[in-house]
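Chain residues, written in single-letter form:
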Amino acid sequence: MGLFDRNNVDDALKEEKSQEEIEKESNLRREQTSRTIRLLAGAYLCYLSYTMLKGLITGTSEPVSHPWIIWTAAVLFGLIGAGLLGWYLWRYLRERGGK
């Protein structure tokens, strides 16, 4: 009877470890998805900033009464996008170097 009880405990520990592993894998997937979305958002903001500034500089954009608003938005989009890209690429490289 003692051996039977020990097997049940061993089986329970194996199940618990597998649940922990499943949680770790789920958290890792969630983190990777979040990082990918933020990198894509940063890239999109940089692209948006580029196209806005290009349109203003070349004069191909619609004429507006307050171009300084578009200039400000384009610069902010560029800074935020570059910040997102830089931050998450730096974190990725730092984590990758630590492995």
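In case you missed it, the structure is sitting above this.
Residues numbered from 1 in each chain as written. Predicted model: local features only at pLDDT ≥ 70, side-chain atom pairs only at ≥ 80, totals over all residues. Heavy atoms only, no water.

Visitor: I keep staring at the overall build of the chain and nothing clicks. Help me out?
Guide: The number of helices and strands found in the chain is 2 helices and 0 strands. Considering the chain as a whole, with its 99 residues, one finds that 10% of them fall into the buried category. Counting contacts in the chain only where the partners sit at least 6 residues apart, residues at least 24 apart contribute 74% of the total. (Helix = DSSP H or I, 4+ residues; strand = E, 2+ residues; numbered from the N terminus. Buried < 20%, exposed > 50% of the residue type's maximum accessible area, 1.4 Å probe, protein only. Contact = heavy atoms within 4.5 Å.)

Visitor: Can you help me understand the environment of phenylalanine 77 in this one?
Guide: Here phenylalanine 77 is to be found in helix H2 (residues 67–98). Between the C-alpha atoms of phenylalanine 77 and tyrosine 50, which are 27 residues apart in sequence, the distance is 9.1 Å. Ignoring anything within four residues of it in the chain, the contact list for phenylalanine 77 reads Leu45, Cys46, Leu48, Ser49 and Met52.

Visitor: What should I look at first to understand the packing of aromatic side chains in this one?
Guide: Aromatic rings considered in pairs are described by the distance between their centres and by the relative angle of their planes. Under the definition given, this model contains 1 aromatic pair. Consider the rings of tryptophan 87 and tryptophan 90, whose centres lie 5.4 Å apart with planes at 40 degrees: the pair is tilted. Taken as a pair, tryptophan 87 and tryptophan 90 lie in helix H2 at a separation of 3 residues, close to a single helical turn. On the accessibility criterion, tryptophan 87 (45% relative accessible area) is partly exposed. (Phe/Tyr/Trp six-rings, centres within 6.5 Å; stacked < 30°, edge-to-face > 60°.)

Visitor: So what exactly am I meant to see when it comes to the pattern of salt bridges here?
Guide: Where charged atoms of side chains with opposite charge meet at close range, the side chains can pair. One pass over the structure, following the stated rule, counts 4 salt bridges. We note a salt bridge from glutamate 25 to arginine 29, for which the minimum N-O separation is 4.0 Å. Of this pair, glutamate 25 and arginine 29 both sit in helix H1 (residues 2–58), separated by 4 residues, roughly a single helical turn. Among the residues examined, glutamate 25 registers a relative accessible area of 45% and is labelled partly exposed. Linked by salt bridges that have partners in common, Glu31, Arg35, Arg91 and Glu95 make up one network. (Salt bridge = Lys/Arg side-chain N within 4 Å of Asp/Glu carboxyl O.)

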